[in-house]
Structures are given as structure tokens and as C-alpha cells.
Amino acid sequence: MGRGAVALARVAVLLRAPAGWLWWPGLPAAGVGALPPGLTGRRIGVLAGAALFIVAAFTVFAVRRKRYAHLAKAASRAGKSAILQDRAVTLRVWRRAHRWWLLLAFLVAVGSSFVLPAAGGLLLAGAGLGLWAKALWLGRWEQEHDVLLWVRTEAAVRGGPAGRDVRGYLTTGVAAKDARPGGAKAGRPKARA
């Protein structure tokens, strides 16, 4: 990295990164968790799980939204020395840093089914849905303001894209991307006939 250079990761990609890793393992954990009757019985477990799914989705969506909005409004323009991290690299780095926590969350979700069937898996899936919805909300903000939001990678690794170590966001134009607003993978450009 050159002198004065700073590595940046997309905020929306960092927000979206755990969504799939909570949603997709959460669904099988809920399915497997519905097999044993558990201490409470399947019906109570599934109803409790549905309630936890809704609560988790709304809670995760709402938590720190004001902080994200404040950092977005106060964002400054990224300098020419900024190095923009690819979406795939951001996802890979996040996955490596959190793989053991994700495995532990899945095992706890499956294990909790012996007490409350399916509830742990639905809780995981609800958290994933909430993160996905928050990434879409941030993507709409990016579209309205015609900018992309970036955060320094070293600050985001320690506490997430809105953690205490994050002093502010940086912006670029929408052309500086390999991901759409909201962090979704950008489609390939269509070939002209």
C-alpha cells in the first residue's frame, strides 16, 4: 500500500455479509430442530420460534440505524489514494473472521431444539432477515444520494461497520463498485448485439 493509502470496504456489503450465513443455516437448524419433540412440545416450540423470528428480524433491523444514518450523512469524499476492496474479498475476510462463531451459533440452534423445537433456528434466520433488510435500507439511501458508502477495513473488522472504532464513512461515486447499492452482487453488463 502506498504512503497515505487507506483500504476501504463497502458498508452495505459488510452489513449483508452475515445475513446469508444466518438465514441459510437457520432454516435447516429449524427443520432439524422440529424433529425432536423437546421439553415443550413441537407446537409450542414452533410458535415460540415464529415469535422469535419476528422479534429478531425487527430488532436487528432497528438496532444502530440512527448511527448508520448519522455516519452516512456526515460522510466525506474518499481521496484518490483510497484502495477499494472487492465485494468477494470483503465477504471472504468477514467469513474467515467469524466462521467459528457461525458454527457455534448453528450448533446452539440445533441443540436448543431439545428444549424448544425449531426456535433456535428460526431465531438465527430472523437475525439474517433483519440484516438483509438493513442492507437494503442502506442501499436505498445510497441510491437517493447517488453515492456509495465505504468504511476503513481496520475499523470495521474490530467492531463492525458502525462500531465504536468507526470515526466516519467515506463516499465514492456509484461507478466505483462491484456490488449494487445494498451490497448485492452486481450483474454482468449485457453484451451489445
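The present account deals with the structure reproduced in this document. Nothing here was measured: the structure is a model prediction, and the numbers come from that model.

Time to look at the layout of surface pockets. Volume-wise, the largest pocket comes out at about 620 Å³. Lining the largest pocket are 27 residues, with Leu14, Pro18, Trp94, Gly160 and Pro161 sitting closest to its centre. Taken together, the elements giving at least two residues each to the lining of the largest pocket come down to helix 1 (11–33), helix 4 (87–111), helix 5 (119–145) and helix 6 (153–159). Within the lining of the largest pocket, the residues separate by chemical class into 18 nonpolar, six polar and three charged.

Let's shift gears to the packing of aromatic side chains. Within this structure, the stated rule accounts for two aromatic pairs. Here the aromatic rings of Trp23 and Phe53 are separated by 6.2 Å at their centres, their planes lie at 55°, and the arrangement is tilted. Residue Trp23 is located in helix 1, and its partner Phe53 is located in helix 2 (residues 42–62); the two are separated by 30 residues in the primary sequence. Feature note: the residues Trp23, Trp24 and Phe53 constitute an aromatic cluster, connected by ring pairs. Taking NZ or CZ as reference, Arg10 lies 5.8 Å from the ring centre of Trp150, over its face.

A separate point is the pairing of strand 1 (residues 6–10). Burial analysis of strand 1 places five of its five residues in the buried class, which makes it a mostly covered element. Neither face of strand 1 is exposed, since Val6, Leu8 and Arg10 on one face and Ala7 and Ala9 on the opposite face are all buried. Examined bridge by bridge, strand 1 and strand 4 (residues 148–152) share three bridges and lie antiparallel to one another. Considered in strand 4, the bridge of Leu8 is made with Arg152.

Our next topic: a nonpolar patch on the surface. A cluster of nonpolar side chains, namely Trp100, Leu103 and Leu107, defines an oily patch on the protein surface of about 350 Å² accessible area. With respect to the helices and strands, the residue Trp100 is situated in helix 4.

Of all the positions in helix 3 (residues 65–73), only Tyr68, Ala69, Leu71 and Ala72 are classed as buried. One side of helix 3 holds all its buried residues, which, seen down the axis, span an arc of 165°. For helix 3, exposure combined with an orientation more than 90 degrees from the buried face picks out Lys66, His70 and Lys73. Against helix 1, helix 5 and strand 4 lie the buried residues of helix 3.

Bringing the nonpolar core into the picture now. Looking at soluble globular proteins, one finds that nonpolar side chains tend to be buried together. Residues Val11, Tyr68, Leu138, Leu149, Val151 and Tyr169 are the most contacted members of the largest nonpolar core, which totals 32 residues. Elements represented by at least two residues in this core include exactly helix 1, helix 3, helix 4, helix 5, strand 4 and helix 6. Of the residues forming this core, the biggest block, eight residues, is contributed by helix 1. Sequence-distant contacts of Val151, that is, excluding residues within four places in its chain, are made with Ala7, Leu8, Ala9, Val11, Leu14, Ala156, Pro161, Val166 and Tyr169. Residues Leu8, Ala78, Trp150 and Leu170 belong to the second largest nonpolar core, which totals seven residues.

Running from N to C, helix 4 and helix 5 cross one another at 140°; their axes reach a closest spacing of 6 Å. The angle between the axes of helix 4 and helix 5 places the two elements in the oblique class. Every residue of helix 5 that contacts helix 4 at Ala105, Phe106 and Ala109 is listed here: Gly120, Gly121 and Leu124. Here the contact of helix 4 with helix 5 is built from residues that sort into four nonpolar, two polar and no charged.

Cut-offs and rules
- Residues numbered from 1 in each chain as written.
- Predicted model: local features only at pLDDT ≥ 70, side-chain atom pairs only at ≥ 80, totals over all residues.
- Heavy atoms only, no water.
- 1 Å grid on protein atoms, 1.4 Å probe; cavity = no way out; pocket = protein on both sides within 12 Å on 5 of 7 lines; lining within 4 Å.
- Points joined across faces, edges and corners; volume = space filled by probe spheres on them.
- Helix = DSSP H or I, 4+ residues; strand = E, 2+ residues; numbered from the N terminus.
- Nonpolar A, V, L, I, M, F, W, Y, C, P; charged D, E, K, R; others polar.
- Phe/Tyr/Trp six-rings, centres within 6.5 Å; stacked < 30°, edge-to-face > 60°.
- Lys NZ or Arg CZ within 6 Å of the ring centre and 35° of its normal.
- Buried < 20%, exposed > 50% of the residue type's maximum accessible area, 1.4 Å probe, protein only.
- Pairing = 2+ DSSP bridges.
- Patch = residues over 30% accessible without salt bridge, like charges linked within 9 Å, V, L, I, M, F, W, Y side chains within 5 Å.
- Areas by Shrake-Rupley, 256 points an atom, 1.4 Å probe, with all protein chains shown as cover.
- Salt bridge = Lys/Arg side-chain N within 4 Å of Asp/Glu carboxyl O.
- Arc of directions from axis to C-beta.
- Contact = heavy atoms within 4.5 Å.
- Core = buried A, V, L, I, M, F, W, Y, C linked by side-chain atoms within 4.5 Å.
- Axes fitted to C-alpha atoms, helices over the stretch in contact; angles between N-to-C directions.
- Parallel < 35°, antiparallel > 145°, perpendicular 65-115°, else oblique.

Keep in mind these numbers describe shape, not what the thing actually does.
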